[in-house]
Amino acid sequence: AQRVTQPEKLLSVFKGAPVELKCNYSYSGSPELFWYVQYSRQRLQLLLRHISRESIKGFTADLNKGETSFHLKKPFAQEEDSAMYYCVPLISNFGNEKLTFGTGTRLTIIP
Amino acid sequence: KAGVTQTPRYLIKTRGQQVTLSCSPISGHRSVSWYQQTPGQGLQFLFEYFSETQRNKGNFPGRFSGRQFSNSRSEMNVSTLELGDSALYLCASSLGLGYTFGSGTRLTVV
């Protein structure tokens, strides 16, 4: 079945420690992958796109096609990183496309 | 540049009623998608419109419908409301480089 899996629903990390939010996908073809973040009382917003290979707010994510993973990493966690994070594939099918959200991971940074 | 605007922000309706939610996309964005967010089910795709045509539809009953106007503004309608329809309804628009979400409309059905 085509799906994305974020194995940790909750993740707590101490401030200054490294963060890794896991994401594994099982889709045929090569879906475009995003990380979206939702801070408390704010709208859902795009954090990273895999094709951009960029670093936003210190976060990076590498697409590993062999392991079908797209883990989100940051070397030193900050308190403002506490939020809900979603690994989201964009599924395209003959021009029709949709974001398919998983259950997400709630990251809490402990001061 | 203005973001995605959803109106109203909050809505309380009674079971059996119908409701219409509105979404104004970012200027120039022709794709508009709708999502339902609940604590139990998370974010679920409702439908996507592009140039006034529904291109994609999620697994929701026919009580959920939508449309898009020539200016790309979109509305979604839920008829015969049920208690389980209480949720945050999110709209997102896209120009093909990623989706930008609105703040949502929080619908409470009593």
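Notes on the structure in this doc start here. Not measured: the values here are computed from a predicted model. (Residues numbered from 1 in each chain as written. Chains lettered and ligands numbered in written order. Predicted model: local features only at pLDDT ≥ 70, side-chain atom pairs only at ≥ 80, totals over all residues. Heavy atoms only, no water.)

**So, the pairing of strand S3 (residues 19–24) of chain B**
Residues and elements named next belong to chain B. Let me state the cut-off plainly: Pairing between two strands is assigned when DSSP locates at least 2 bridges connecting them. In this description a helix means any DSSP run of H or I spanning at least four residues, a strand means any run of E spanning at least two, and both kinds are numbered starting from the N terminus.
Relative to S3, strand S1 (residues 5–7) runs antiparallel, the two being bridged by three bridges. Following the sheet pairing, Thr 7 is matched in S3 by Ser 22. Direction of pairing for S3 relative to strand S8 (residues 74–78): antiparallel, over a ladder of five bridges. Along S8, the bridge assignment pairs Ser 22 with Glu 75.

**Observations regarding the environment of Asn 59 of chain B**
On the secondary structure map, Asn 59 of chain B appears in the loop between strand S6 (53–57) and strand S7 (64–68). Considering only alpha carbons, one finds Asn 59 of chain B and Ser 79 of chain B, 20 residues apart in sequence, at a separation of 16 Å.

**Observations regarding the interface of chain A and chain B**
Note the cut-off: Only heavy atoms matter for contacts: two residues are in contact if any of them lie within 4.5 Å across the pair. Pairing of N or O atoms within 3.5 Å defines a polar contact, subject to two protein rules: one partner must be a possible hydrogen donor and the other a possible acceptor, and residues neighboring in sequence count only if both atoms are side-chain atoms. Basically, the charged four are Asp, Glu, Lys and Arg, the nonpolar ten are Ala, Val, Leu, Ile, Met, Phe, Trp, Tyr, Cys and Pro, and anything else, Gly included, counts as polar.
Contact residues are listed per partner, giving 15 residues for chain A and 15 residues for chain B. If you look at where chain A meets chain B, you find seven residue pairs in polar contact (both at pLDDT 80 or more). Looking at the side of chain A that touches chain B, the elements that each hand over two or more residues are strand S5 (32–38), strand S6 (45–49), strand S9 (83–93) and strand S10 (96–99) of chain A. No other element matches S10 of chain A, which puts four residues into the side of chain A that touches chain B. Classifying every residue of the side of chain A that touches chain B gives eight nonpolar, three polar and four charged.

**Considerations on the side chain of His 29 of chain B**
Residue and element names in this part refer to chain B. Defined as follows: To sort residues, take the accessible area from a 1.4 Å probe on protein chains only and compare it with the maximum for the residue type: under 20% means buried, over 50% means exposed, and anything in between is partly exposed.
Considering the arrangement of structural elements, one finds His 29 in the loop between S3 and strand S4 (31–38). For His 29, a relative accessible area of 7% translates into the label buried. Reaching out from His 29, the side chain makes a polar contact with the backbone nitrogen of Ser 94 at a distance of 3.3 Å. The contact partners of His 29, leaving out residues within four places of it in the chain, are Ser 72, Ser 93, Ser 94, Leu 95 and Thr 100.

**So, the nonpolar core**
What tends to happen in soluble globular proteins is that the nonpolar side chains get buried as a cluster. For clarity, the threshold we go by: Nonpolar cores are built from buried Ala, Val, Leu, Ile, Met, Phe, Trp, Tyr and Cys residues. Side-chain atoms within 4.5 Å join them into one set.
One finds Leu 21, Trp 35, Leu 47, Leu 72, Tyr 85 and Leu 107 of chain A to be the most contacted residues of the largest nonpolar core, which totals 24 residues. Secondary-structure elements contributing two or more residues to this core are strand S2 (10–14), strand S3 (19–21), S5, S6, S9 and strand S11 (105–110) of chain A. When neighbours within four sequence positions are excluded, Tyr 85 of chain A is seen to be in contact with Gln 6, Leu 21, Trp 35, Tyr 36, Val 37, Tyr 39, Leu 47, Phe 59, Leu 72, Gly 104, Thr 105 and Leu 107 of chain A. By size, the runner-up hydrophobic cluster in this structure holds 21 residues, among which are Val 19, Tyr 49, Val 78 and Cys 91 of chain B.

**Some thoughts on unusual backbone geometry**
The amide bond that connects Thr 7 of chain B to the next residue, Pro 8 of chain B, takes the cis arrangement and shows omega of -10°. Within the secondary structure layout, Pro 8 of chain B lies in the loop between S1 and strand S2 (10–13). The backbone of Thr 68 of chain A shows a phi angle near 45°, a positive value even though the residue is not glycine. Mapped onto the elements, Thr 68 of chain A comes out in the loop between strand S7 (60–61) and strand S8 (72–74). Residue classification places Thr 68 of chain A among the partly exposed residues on the basis of a relative accessible area of 29%. The backbone of Ser 51 of chain B sits at a positive phi, close to 50°, despite the residue not being glycine. The class for Ser 51 of chain B is partly exposed, based on a relative accessible area of 31%.

**A few points about the state of the cysteines**
Let me state the cut-off plainly: Cysteine sulfurs are considered disulfide-paired once they come within 2.5 Å of each other.
Under the definition given, this model contains two disulfides over all chains. A sulfur-sulfur separation of 1.9 Å characterises the disulfide bridge that pairs Cys 23 of chain A with Cys 87 of chain A. The chirality of the disulfide connecting Cys 23 of chain A with Cys 87 of chain A is left-handed, given an S-S dihedral of about -60°. Within this pair, whereas Cys 23 of chain A is found in the loop between S3 and strand S4 (24–26), its partner Cys 87 of chain A is found in strand S9, the two being separated by 64 residues in sequence. Comparing Cys 23 of chain A with Cys 87 of chain A shows no difference in burial state: the two are buried. Note on cysteine connectivity: Cys 23 of chain B is disulfide-linked to Cys 91 of chain B, with sulfurs 1.7 Å apart.

**A look at the pairing of strand S11 (residues 105–109) of chain B**
Residue and element names in this part refer to chain B. Going residue by residue along S11, you find Thr 105, Leu 107 and Val 109 tucked away on one face and Arg 106 and Thr 108 left uncovered on the opposite face. Inspection of the sheet shows S2 paired to S11 by four bridges, in the parallel sense. Its bridge partner lying in S11, Ile 12 is registered against Thr 108. In this structure, strand S9 (residues 87–94) lies alongside S11, joined through three bridges in antiparallel fashion.

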